[in-house]
Amino acid sequence: MLLPSLGEPDARTLAAILIHEAFHVYQHATPSAAWEVNELDALTYPAHTDILHARAEETRCLRRALHEPDWTAPARQALFWRGQRHALLTDTQRTFEARMETREGLATYVETRFLRQFPALAAAAAPGLGPRRWAYGSGAALAHLLDRHAPDRQPLWQQAVLDGQPLADLLPERTGPRDPPRRTPTCTPPRRGGRHPRRADWKPSRPNPARACT
């Protein structure tokens, strides 16, 4: 059964959806820590302004990394913003995110590989997504970047994922250390009630001169 929001997909889109779902069948048939996740952990995931801002910036940098030939700098910056977010999360919340990226993110990865497209990532929309829904695009983006670095080494990173390693943990060995970009107000999500924080609220957690993703 297809969601009404899909309308009447063409044959290519329908095939991509089937590939996505077929990957879930593979996951059920292939026991791995990569797919083990407690969906109820999403209920404890915080919606703090700093976390949502960092998610927006990470999304912006992941999109740049996917679409620019010199992808390693924005990929490092994406990892920096991920570190900023993860510093504000519990171990359970970090694990939930990592497992959703390997469960749903990899299903989206095989779907978008079939379509020869990258996952749709929008920094402005990222703060409004739940952690589960956001992981579809972030996990797929990370997998595409792992492919880009060394397509001849696909079996290596894929086996590491099956062994339980989060996708984001595999990227630094390909990109180098995380770059700390300057925090900018462009992606700061509105507070409840629609009011944006004052300029005094836009304080970076650490000063640095590096350029943010734009």
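Residues numbered from 1 in each chain as written. Predicted model: local features only at pLDDT ≥ 70, side-chain atom pairs only at ≥ 80, totals over all residues. Heavy atoms only, no water.

J.: Provide a residue-level description of the overall build of the protein, including the pertinent values.
T.: The number of helices and strands found in the protein is 8 helices and 0 strands. Counting from the amino terminus, the protein carries its helices and strands in the arrangement α-α-α-α-α-α-α-α. Relative to its full complement of 214 residues, the protein shows a buried share of 47%. Contacts in the protein between residues at least 24 apart in sequence constitute 80% of all its contacts with a sequence separation of at least 6. Split by element, the accessible area of the protein, about 11,400 Å² in all, is 56% carbon and sulfur. (Helix = DSSP H or I, 4+ residues; strand = E, 2+ residues; numbered from the N terminus. Buried < 20%, exposed > 50% of the residue type's maximum accessible area, 1.4 Å probe, protein only. Contact = heavy atoms within 4.5 Å. Areas by Shrake-Rupley, 256 points an atom, 1.4 Å probe, with all protein chains shown as cover.)

J.: Tell me what's going on with the pattern of salt bridges, and back it up with residues and numbers.
T.: Across all of its chains, the model carries 13 salt bridges by this definition. Notably, a salt bridge pairs Glu 97 with Arg 82, separated by 3.5 Å at the nearest N-O pair. Highlighted residues: Glu 97 in helix α4 (residues 91-115) and Arg 82 in helix α3 (residues 72-86), separated in sequence by 15 residues. Take Glu 97 and Arg 82: they sit in the same class, and that class is buried. Across the pair Arg 174 and Glu 173 runs a salt bridge whose closest N-O atoms are separated by 3.1 Å. Assessed through its relative accessible area of 9%, Arg 174 is described here as buried. When salt bridges with common partners are traced through the structure, they connect Glu 58, Arg 82, Arg 85, Glu 97 and Glu 101 into a single cluster. (Salt bridge = Lys/Arg side-chain N within 4 Å of Asp/Glu carboxyl O.)

J.: Could you give an account of the environment of Ala 22, naming the residues involved and the relevant values?
T.: You can see Ala 22 is positioned in helix α1 (residues 11-29). For Ala 22, a relative accessible area of 42% corresponds to the partly exposed category. Taking C-alpha positions, Ala 22 is 9.8 Å from Val 110, a pair spaced 88 residues apart along the chain.

J.: Which residues make up the packing of aromatic side chains, and what values do they have?
T.: Overall, the coordinates contain 5 aromatic pairs when judged by the stated rule. Both rings, one in Phe 23 and one in Tyr 26, keep their centres 5.5 Å apart while their planes meet at 40°; by these two values the pair is tilted. Separated by 3 residues within a single helix, Phe 23 and Tyr 26 lie in helix α1, roughly one turn from each other. With 5.3 Å between their ring centres and 75° between their planes, Phe 80 and Trp 81 make a pair best called edge-to-face. (Phe/Tyr/Trp six-rings, centres within 6.5 Å; stacked < 30°, edge-to-face > 60°.)

J.: Before we move on, can you summarise the packing of α1 against α4 with the specific residues and values?
T.: Between α1 and α4, whose axes approach to 8 Å, the crossing angle comes to 145°. The interaxial crossing formed by α1 with α4 has right-handed handedness. Contacts from Arg 12, Ala 15, Ala 16, Ile 19, His 20, Phe 23, His 24 and Gln 27 in α1 reach Thr 102, Arg 103, Glu 104, Leu 106, Ala 107, Thr 108, Val 110, Glu 111, Phe 114 and Leu 115 in α4. Here the contact of α1 with α4 is composed, by residue class, of 9 nonpolar, 5 polar and 4 charged. (Axes fitted to C-alpha atoms, helices over the stretch in contact; angles between N-to-C directions. Left-handed = near helix turned anticlockwise from the far one by under 90°. Nonpolar A, V, L, I, M, F, W, Y, C, P; charged D, E, K, R; others polar.)

J.: A description of helix α2 (residues 49-67) should follow, citing residues and the corresponding values.
T.: When the terminal C-alpha atoms of α2 are compared, their 27 Å separation across 19 residues agrees well with the 27 Å that a helix rising 1.5 Å per residue should span. Counting buried residues along α2, 14 of its 19 residues qualify, which places the element largely inside the surrounding structure. (Expected span 1.5 Å × (residues − 1).)

J.: Describe the nonpolar core, listing the residues and the values that go with them.
T.: Ranked by size, the top nonpolar core spans 31 residues in total, and within it Leu 62, Leu 106, Leu 145, Trp 157, Val 161, Leu 167 and Leu 171 carry the most contacts. Of the residues forming this core, the biggest block, 6 residues, is contributed by helix α5 (residues 131-149). Once residues within four sequence positions are removed from consideration, Val 161 is found in contact with Ser 32, Ala 34, Thr 102, Leu 106, Leu 167 and Leu 170. (Core = buried A, V, L, I, M, F, W, Y, C linked by side-chain atoms within 4.5 Å.)

J.: A description of the confidence of the model for the protein should follow, citing residues and the corresponding values.
T.: Of the residues in the protein, 77% have a pLDDT of 70 or more, and the chain-wide mean is 83. By mean pLDDT, the top-scoring element of the protein is α2 (97), and the lowest-scoring one is helix α8 (residues 172-175) (84). Between residues 184-211, whose pLDDT stays under 50, and residues either more than four places distant or in other chains, the model counts 44 contacts. (pLDDT = per-residue confidence, 0-100.)

J.: Can you lay out the layout of surface pockets for me, pointing to particular residues and giving the numbers?
T.: By rolling a water-sized probe across the atoms, one finds the places where empty space is left. Volume-wise, the second largest pocket comes out at about 210 Å³. Together, 13 residues line the second largest pocket, and Arg 82, His 86, Pro 166, Ala 168 and Asp 169 are the ones closest to its centre. For the lining of the second largest pocket, the residue count by class is 5 nonpolar, 3 polar and 5 charged. (1 Å grid on protein atoms, 1.4 Å probe; cavity = no way out; pocket = protein on both sides within 12 Å on 5 of 7 lines; lining within 4 Å. Points joined across faces, edges and corners; volume = space filled by probe spheres on them.)

J.: Before we move on, could you go through the environment of Val 110 and cite the residues and values that matter?
T.: With respect to the secondary-structure elements, Val 110 resides in helix α4. Sequence separation between Val 110 and His 144 is 34 residues, and the spatial gap between their C-alpha atoms is 9.5 Å.

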